[in-house]
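# Reading the structure
What follows is the residue order along each chain.
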Amino acid sequence: MANPCPARRRLYLAVFLVAALLCGLSAADDTSPPACRCMPQDPCWPEDRLWDRFNKTVDGNLIATVPIASVCHIDSFTPYDQSQCAQLQSTWGFPATHYESSTSIMAPMYTNLSCNAFSSKTSPCTIGNYVQYTVNATDAAHARKTIDFAARHNIRLVIRNTGHDLLGKSTGAGGLAIWMHHMKHISIVDYDSSTYSGKAVKMGAGVQSFEASDAAYRAGLVIVGGNCPTVGLVGGYSQGGGHGQLVSHVGLAADQVLEWEVVLANGKLVTASPTNHPDLYWALSGGGGGTYGVVVSMTSKAYPELPTTSGNLTFSNTGVSRDTFFAAVAMFVSILPSIGDAGGTSIWWLTNTTLSATPTTIPGGSTTLFNSLFRPLVAFLAQNKIQYTYYVNDFPTYYDAYQTMSPPINITDQLPGGRLIPRSVVEQDLPDLNTIFRNIVERNAGFLISGVMVNSSRVAYPDNSVNPAWRDALMNVVIGAPFDYTDWDGNVARKQLITDELMPPLEELTPGSGAYLNEPDPNQRDWQQVFYGDNYDSLLEIKRKYDPHNILYACKAVGSEAWTVGENGRLCKPQRD
């Protein structure tokens, strides 16, 4: 197999410095292995014959990276094709464009625009921060052999599935990726253990939310899944906590997991459960993915289908004062605790002109209950002549409600900054919270705030490594700044604005809280405490037990302090004084 890299190594120094900043790691001078992972330009990089031999051991499933945007560039891996480029640009925001690729990711900041579909056709197209090779793993043996090859040749190892990832964990310069996307097996099982007896769904690491939900529905069941139907359930979603529209009803995705099948860094396949490797089970159930082992399957609780009520509410500032509009915003936030107490979830977003709750869902609820919760707000909107739309309906099943009220959504390419907001803040400090929201959207053109209101402690939850801040939180809020595919410096400035100016007021208002591991500020200071809470030291001990040689690395994952990101994206061990 030919190595596609030698002619494509023109990398931008400043771009990779940004990658280092995004991971919160210092730039290290490139030194020879073993202090650093090997890169394609190094003498230690495997020769083509070794890649060819490795390809045979993984049944011909080794893929050399060709960036999907290469059709948009003249000096590229593939011939420039204007029509194909235009087609790619038109579908770039669709999740399938990226999750059907072995290398593309949905958070463009982590591509460093190495091969940008929207830049000039004469600009360079490089592999850059994309992985160098990918193994299309269809079984645990492929994962084991890839781990072994990466370890023997000192190559950065990346675990990826769909590329739904706001921390850049599913890519990395000079990386060899294990692509789990085609591990699609799903089975409904009758699970019986000392901790749970009932229906469950066992699913391979590549199963996406819509696939698992479809399988569960056919069996008359529901499972906790993502608000975005294309997210992979088994990876960072469930391993990082996992919110969704059933959370107030049954708990977070991590709370549902009964067991994990994991290929360890030493190549051994184990099952982690409350009674077998319980420390590993604990760590994987909320402590983040990509660092303790390579998960190849997950078994999670399933529940009987149930009637569900779901509705939308949107109102705008048209024709009313700013104070009146934000008084309505505050009233909306004030009713969220009662929605959560009813077992409901509300997904909403706020701009300078509009608030939209799309949808609010109450599994097992009714339109009568729904209307009673929203009645004060609707009355306020009507009384103050605020333009609004309101719709609510009863559905025979949760599946029907989800399919109708949660249509497929495009990728989230905004630059994020997230915070878990405790219930006590909404109940005691709502004016201050509302002022912060207002300042964010009024003073920063194009910025928005998205929120997911769940009550993850409404029902009993297991002892797992989910960030304890979730148990006090009423909602997860994310600041979103616009990303510009043609203005890199502007992106960097907006990202820094979130970290330096917009996040601190939220942090000051919520002392002791944290951030949702899957939707945080990548530049978060004190990220170990903010992302993992008081669980971090225990998680680090487990990481060192199961991966003592730090073969597995992901940005802001537990144990990632063992590496720094160099100027060309290389992983190096930190320099010691």
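Because the structure is predicted, anything quoted here is derived from the model rather than measured.

The rules behind these values
- Residues numbered from 1 in each chain as written.
- Predicted model: local features only at pLDDT ≥ 70, side-chain atom pairs only at ≥ 80, totals over all residues.
- Heavy atoms only, no water.
- Helix = DSSP H or I, 4+ residues; strand = E, 2+ residues; numbered from the N terminus.
- Buried < 20%, exposed > 50% of the residue type's maximum accessible area, 1.4 Å probe, protein only.
- Polar contact = N/O pair within 3.5 Å; in protein donor to acceptor, adjacent residues only side chain to side chain.
- Arc of directions from axis to C-beta.
- Core = buried A, V, L, I, M, F, W, Y, C linked by side-chain atoms within 4.5 Å.
- Contact = heavy atoms within 4.5 Å.
- 1 Å grid on protein atoms, 1.4 Å probe; cavity = no way out; pocket = protein on both sides within 12 Å on 5 of 7 lines; lining within 4 Å.
- Points joined across faces, edges and corners; volume = space filled by probe spheres on them.
- Nonpolar A, V, L, I, M, F, W, Y, C, P; charged D, E, K, R; others polar.
- Domains from an automatic or database assignment.
- Axes fitted to C-alpha atoms, helices over the stretch in contact; angles between N-to-C directions.
- Parallel < 35°, antiparallel > 145°, perpendicular 65-115°, else oblique.
- UniProt positions renumbered as here; feature names shortened; annotations may be inferred.

## Observations regarding the environment of G319
Here G319 lies in the loop between β12 (308-316) and α10 (322-341). Take G319: its relative accessible area is 80%, and that puts it in the exposed class. Taking the C-alpha atoms as reference, G319 lies 8.1 Å from K385; in sequence the two are 66 residues apart.

## A short note on the side chain of T354
Examined against the element boundaries, T354 turns out to sit in strand β14 (residues 354-363). You can call T354 buried: its relative accessible area is 15%. Within the local environment of T354, its side chain forms a polar contact with the side chain of T353, the two groups lying 3.2 Å apart.

## A short note on helix α6 (residues 209-218)
Of the positions making up α6, those classed as buried are S209, E211, A212, A215 and A216. All buried residues of α6 project into a common sector of 165° when viewed along the axis, lining one side. Positive backbone phi, at 75°, marks G220, one or two positions downstream of α6.

## Considering the nonpolar core
One finds W51, L176, M203, W260 and L280 to be the most contacted residues of the largest nonpolar core, which totals 84 residues. Ignoring any residue separated from it by four or fewer positions in sequence, one finds W51 in contact with W45, P46, L62, Y133, F149, I155 and L176. Within the second largest apolar cluster, 71 residues are counted, among which are F332, V333, L350 and A481.

## Topic: empty space enclosed by the protein
It is the rolling of a water-molecule-sized probe over the atoms that shows where space remains empty. This model, assessed by the stated rule, comprises seven cavities of 30 Å³ or more. Within this model, the largest cavity holds a volume of roughly 120 Å³. Every residue lining the largest cavity is listed: S209, S213, L221, V222, I223, G225, G226, E305, Y398, Y399 and Y402. Listing elements by their share of the lining of the largest cavity, those giving two or more residues are α6, β7 (221-222) and α12 (398-405). Here the element with the most residues in the lining of the largest cavity is α12; it accounts for three residues. Residue classes in the lining of the largest cavity are distributed as six nonpolar, four polar and one charged. Residue assignment places the lining of the largest cavity across two domains, with domain 2 (186-305) and domain 3 (308-532) each supplying three or more.

## Structural notes on the packing of helix α14 (residues 430-443) against helix α15 (residues 488-509)
Between α14 and α15, the least distance of the axes is 10 Å, while the angle of their chain directions is 175°. The orientation of α14 with respect to α15, classified from their angle, is roughly antiparallel. Of α15, the residues touching α14 (which contributes D432, L433, I436, F437 and I440) are L502, P505, L506 and L509. A breakdown of the residues in the contact of α14 with α15 according to their chemical character gives eight nonpolar, no polar and one charged.

## Here's the deal with the UniProt feature "domain: FAD-binding PCMH-type" (unreviewed entry) in the protein chain
The positions UniProt marks with the feature "domain: FAD-binding PCMH-type" (unreviewed entry) are residues 126-305. Across residues 126-305 one finds 23% helix and 29% strand; the C-alpha atoms that close the span lie 48 Å apart.

## Regarding unusual backbone geometry
Look at the link from T358 to P359: it is a cis peptide, with omega at -5°. With respect to the helices and strands, the residue P359 is situated in strand β14. The residue H277 is not glycine, and still its phi comes out positive at about 50°. Structurally, H277 is set in the loop between β9 (269-272) and α9 (278-284).

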